[in-house]
Amino acid sequence: MANVIKKPGDLGSWLMHIFLGANAVIMLYPILMMALSSFKTNKEIFTSPFSLPRSFSLDNFAVIWSQTNVPRYFINSTIVTGLSVLVLLVVGTMAAYALSRYKFKGNIMISLFFLSGLMLPLRLAIIPLFIQLKALGLVDNLLGLICIYTAMSLPATVFIMTGFLRSLPSELEDSARMDGASEFRIMVEIMVPLITPAMVIAGIYNAVPIWNDFFFPLIFIQSPEWKTLAQGLTAFFGEYSVNYGVLYAGLTLAALPIMLVFIVQSRRFIAGMTAGAIK
Amino acid sequence: MAQLTKSIKTPFDNAVVRRRQMRKLWLAFLLFPAMAILLTFVFLPMASAIWYSVYEWDGLVRGEFIGLGNFQEVLFDPRNNKFLINAFFNNVKVFIALMVFQNGLALILALFLAREPKGYRFYQIAFFLPVILSTVIIGFQWKLFLNPIFGLVNTLLRNVGLGDWAVPWLGLPETALGAMILVNAWHWVGFPTLVFLAAIHRIPKDLIEAARLDGASEWMIARDIIWPLMAPAVTIIVVLTFIGSFNWFEIPYIMGGLEGSPSYSTDMLGLLFYRTAFGSVSAGNSDFGTGSALAVLIFIFIFTFSTIATRYLTSREVELS
Amino acid sequence: MATIELRDVTKDFGGVQVIHGANLSVQDNEFVVFVGPSGCGKSTLLRLLSGLEELSSGEIYIDGERIDHLPPARRGLAMVFQSYALYPHMNVLQNMSYALKVAKKSKQEIEEKVHAAAEILQLTELLDRKPKALSGGQRQRVAIGRAIVRDPSVFLFDEPLSNLDAKLRVQMRLELTNLHKQLQSTMIYVTHDQVEAMTMADKIVVMRAGNIEQVGPPLELFNKPANKFVAGFIGSPAMNFFHGQVVGVNNATYEVKLENGAQFTFTAQNSNLAEGDEVDLGVRPEDLQPGTGGHGTMAGTATAVERLGAQTYVYLRSPIEESMIIHHAGDLDVQSGEQIDVSFDLKSCHLFGPDEQRIEFEG
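What you see is a predicted model; the values in this text were computed from it and never measured.

Next up on the list: the side chain of C:Arg47. Its location among the elements puts C:Arg47 in helix H1 (residues 42-50). Engagement of the side chain of C:Arg47 in a polar contact is seen with the side chain of A:Asp174, the distance being 2.8 Å. Setting aside residues no more than four positions away along its own chain, C:Arg47 makes contact with A:Asp174, C:Leu52 and C:Glu53.

Set out below in structure tokens:
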């Protein structure tokens, strides 16, 4: 990245460092405290909240593993997020491919159709959605969530993928056509391999909100065995409301996987999650 | 002329026609799944919401057509509209506060980060870390931190001699909403920061160097060069913040509960909608009719204002660029 | 090994016709260059031939068989693109073997063909490299190699050298000419660069605005341009044109007065020029002589002079604001702003009638 602004070290730049540093502490300290508290007993949390835990005992985690549904929620969230993103990328890339690589009557109309989907807040249609899914037998069913998330995220996915696919030179396609490849083969063997970075970005853009969503499971899932992690945490909080150590451990456990992936892949995460807002 | 020759079918024309049909099938195959999913699970429910709002409902059963009756009930029935007005103004407060605190802070952070100080990557990651976490985690975490007796916040205040300040933040009507807004700002500030940062990085370096050679101060560069040229990013953030503020649900739900406690000081349109549609202590039984009417009203409001805001802000982009 | 024939080929895009009935025949083993300014339809014509675009009407034959209904790969053609269009995620070997893989050729056959082509193009060392790791010239060769392995009856080139720097372009021009000799196959080559056309072609097809203006060997086009457009397009610097009028007709003898005052007579047997007809006299810069004499003399002020030692270019402006260029072999001591006379010899001039078509005449 280009060094946009540079300035010799003076009072202003000291203030800047203090400001940035303080902000970083404010952002990170609560997360650190959450993680540290998860190793503490209830008593420790009350008596010495800011100190390091006396021992890094995994008792709280053991309670979660053996006595709660959290592992099950975890699996459910993985299934829902994984399948939604998979379907989304396949179906979204297919549509984006048609819209970006072919001239045909109705192209603009269909593009507008997908674009208008970006502006519809599906939450406000929760009532008809509920009735509809009930009729389809998809209430209290992970498949119902997968349908909703896929539909909800499709417009943005088509939008992002269309942008990337448009940037590929058409001579590649022509060249493959001269080589005798079918349209399907051109898509799968030539064009799609060239936009895998874009698919990663679109995948993250969608996976994070789906993994974190709480609203749709709140309405569509009732049985404990189908609850997702974010939603399940509310039940778990009701159950263990006085056992702070276990609560912190639950939060830490829920936050850990996505945080680890983020720290390893921060560039892609940032690019992915801001993909919709940066032209 | 070309059409005339085409009308006589030869084996050659047939081959071409067959190829065109194959192409159409191929395009249909590519487009159909996405369109079908979107129609079934987004467009159909959105349209149904309007359709449902003009009917009487008894649980899951649709009753008779009552025109704008549901809308009237939502807007003018004194039992309902006091909630509506209260919730609406709370959403307005949230929007304004987030614009000032969350996005204002983000702008400052972005301007600093644009200088690529030491620890640039670290700061980016640190500021963005909460953004990737679920609102549920953030909400519960801060609910624990803000516990009046055992919470870290009050313990910290007492430890530094500010014991008087150690109030039950989420229990007082005067402080609850403010606390939730700060939590939201903590959660999301990294997002506008990095969007602004990307916009600043997109400004040609020459422009800033030219301004510096012209003798402009850092403040003048920020005000006269960077701010006007990052207008598109500002537009997007304002509109996203607007939509987010009026759809605000998770944080108040988790930290204040469905009834916007204490005493409806943290009630939001989203909570009101949920209570109306699915029933609660205050709103009584689930009512899909008034719920749908409320949803339609919220949608119209958000749609209208975000369209106007986009128009206005975009015109500003054109003028300045 | 193939002949090509285009009959009344037209193409329109959204109701706008861009090729207006092209007719052309290409002999076996011929190197044909389509040349013309950008937007003249030369690339479109190539794409129609390749099958990447569908004809609006007309017919195309290769070796006497109609092929315009066939998809690109079944026409027995191979194409080299302007941007090379190498598949970025495949190495050179995979790039070159892709077409054969699609055609389900045996592994052994693929290997043989690719290695043979790599040998010809000196690519053997580079087979496991990705396109990104190749220089411009190497990429160009891979693109050609990818065409060769398919053993096509016709090679199509779409401005293949325009992305290379000037030095490499000269080298690749020679390599392509040699390759043509070596492969003994028909080649169609599109360019906007008339130097490429003149140096490489057996036959040049000059196009303008969707029409084929003239087809012929390079020197024929240079010496006998069929019309004013071809005359102005072929040759560098471009031909000078002087506008004039027929002022006298006597049997087959005509008298022309140019707007700049020069006057001359000529005989033309098959011309139907009449008194008052507008004509253009075309004189190549190298055929304009400094000084008076010849069949006519014109005056001009030098606006710029380029003295290169071995040759001199003088840019002139006549009193009636015509501009002209002299190309003089050897040095010519003229200063910018100086007024000089230039003269022409009708034997080396070209004459174009009111319809801009060439008029055969004798001075």
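Residue and element names in this part refer to chain C. On inspection of all chains with the given rule, the structure shows 60 aromatic pairs over all chains. With 5.7 Å between their ring centres and 20° between their planes, Phe 229 and Phe 233 make a pair best called stacked. With Phe 229 and Phe 233 both in helix H8 (residues 228-233), this residue pair falls four residues apart, about one helical turn. Across the ring face of Phe 241, the terminal group of Lys 228 is positioned such that the distance to the ring centre comes to 5.2 Å.

Side chains of A:Ile108, A:Met109, A:Leu112, A:Leu115, A:Leu118, A:Met119, A:Phe159 and B:Phe303 sit close together on the surface and give an oily, nonpolar patch of about 810 Å² of accessible area. For the nonpolar patch, the element with the most residues is helix H5 (residues 107-117) of chain A, which contributes four residues.

Let's shift gears to the pairing of strand S10 (residues 211-216) of chain C. All names here are of chain C. Both strand S9 (residues 203-208) and S10 contribute to a ladder of five bridges, which runs antiparallel. Residue pairing for S10: Ile 204 is matched across the bridge by Gly 216. As consecutive antiparallel partners, S9 and S10 are separated by two residues, and within that stretch Ala 209 has a phi angle of approximately 45°, a positive value.

Judged by nonpolar contacts, the single largest core of 237 residues is most densely connected at A:Phe114, A:Phe216, A:Phe220 and B:Ile132. Considering each element in turn, this core owes the most residues, 13 residues, to helix H4 (residues 70-101) of chain A. Discounting residues that sit within four places of it in the chain, A:Phe114 has contacts with A:Ala95, A:Leu99, A:Pro155, A:Val158, B:Leu31, B:Ala34, B:Met35 and B:Leu38. Membership of the second largest hydrophobic core comes to 44 residues, among which are C:Ile110, C:Ala143, C:Met172 and C:Phe229.

Moving on to the UniProt feature "domain: ABC transmembrane type-1" (unreviewed entry) in chain B. Under the UniProt annotation, "domain: ABC transmembrane type-1" (unreviewed entry) lies at residues 88-309 of chain B. Secondary structure content for residues 88-309 of chain B is 72% helix and 0% strand, and the end C-alpha separation is 18 Å.

Further remarks concern the confidence of the model for chain B. Residues and elements named next belong to chain B. For chain B, the average pLDDT comes to 89, and 96% of its residues sit at 70 or higher. Element-level mean pLDDT values for chain B span from 46 in helix H1 (residues 2-7) up to 96 in helix H8 (residues 173-188). Scored below 50 in pLDDT, residues 1-7 shows five contacts in the model against residues more than four places distant or in partner chains.

Taken as a whole, the second largest pocket encloses approximately 2,200 Å³ of empty space. If you trace the second largest pocket, you find 49 residues lining it, with A:Tyr102, B:Arg20, B:Arg23, C:Leu52 and C:Glu54 closest to the centre. Elements with a minimum of two residues in the lining of the second largest pocket: H4, helix H8 (170-178) and helix H9 (183-194) of chain A, H1 and helix H2 (11-52) of chain B together with strand S1 (4-13) of chain C. Per-class residue counts for the lining of the second largest pocket are 20 nonpolar, nine polar and 20 charged.

The next point concerns unusual backbone geometry. Cis geometry marks the peptide bond from B:Ser261 to B:Pro262, where omega comes out at 0°. Locating B:Pro262 in the fold gives a position in the loop between helix H13 (250-256) and helix H14 (269-278). Each neighbour pair has its own omega, and for C:Ser236 with C:Pro237 the value is -5°, a cis peptide bond. Along the chain, C:Pro237 turns up in the loop between H8 and strand S11 (240-250). At C:Gln122, a residue that is not glycine, the phi angle is positive and equals roughly 55°. In this structure, C:Gln122 sits in the loop between helix H3 (107-120) and helix H4 (136-148).

All names here are of chain C. Across the sheet, six strands lie side by side as S13-S12-S11-S14-S20-S21; this open sheet has antiparallel pairing. This sheet does not close on itself; its edge strands, each paired only once, are strand S13 (263-267) and strand S21 (358-359). Inspection of the sheet shows strand S12 (residues 253-258) paired to S13 by five bridges, in the antiparallel sense. Residue pairing for S13: Lys 257 is matched across the bridge by Gln 263.

With that settled, the discussion passes to the interface of chain B and chain A. With 96 residues of chain B at the contact, the number on the chain A side is 93 residues. Summed over both partners, the interface of chain B with chain A comes to about 9,100 Å²; 80% of that surface belongs to carbon and sulfur atoms. The largest share of the area that chain B buries against chain A comes from B:Phe41, B:Ile132 and B:Leu144, three residues that together contribute 8% of it. Note that B:Glu250 and A:Arg123 form a salt bridge whose closest N and O atoms lie 2.7 Å from each other. The greatest single-element share of the side of chain B that touches chain A, amounting to 22 residues, is contributed by H2(B). In the side of chain B that touches chain A, the residues fall into 73 nonpolar, twelve polar and eleven charged.

Criteria and cut-off values
Residues numbered from 1 in each chain as written. Chains lettered and ligands numbered in written order. Predicted model: local features only at pLDDT ≥ 70, side-chain atom pairs only at ≥ 80, totals over all residues. Heavy atoms only, no water. Helix = DSSP H or I, 4+ residues; strand = E, 2+ residues; numbered from the N terminus. Polar contact = N/O pair within 3.5 Å; in protein donor to acceptor, adjacent residues only side chain to side chain. Contact = heavy atoms within 4.5 Å. Phe/Tyr/Trp six-rings, centres within 6.5 Å; stacked < 30°, edge-to-face > 60°. Lys NZ or Arg CZ within 6 Å of the ring centre and 35° of its normal. Patch = residues over 30% accessible without salt bridge, like charges linked within 9 Å, V, L, I, M, F, W, Y side chains within 5 Å. Areas by Shrake-Rupley, 256 points an atom, 1.4 Å probe, with all protein chains shown as cover. Salt bridge = Lys/Arg side-chain N within 4 Å of Asp/Glu carboxyl O. Pairing = 2+ DSSP bridges. Core = buried A, V, L, I, M, F, W, Y, C linked by side-chain atoms within 4.5 Å. Buried < 20%, exposed > 50% of the residue type's maximum accessible area, 1.4 Å probe, protein only. UniProt positions renumbered as here; feature names shortened; annotations may be inferred. pLDDT = per-residue confidence, 0-100. 1 Å grid on protein atoms, 1.4 Å probe; cavity = no way out; pocket = protein on both sides within 12 Å on 5 of 7 lines; lining within 4 Å. Points joined across faces, edges and corners; volume = space filled by probe spheres on them. Nonpolar A, V, L, I, M, F, W, Y, C, P; charged D, E, K, R; others polar. Buried area = accessible area lost by both parts, 1.4 Å probe.

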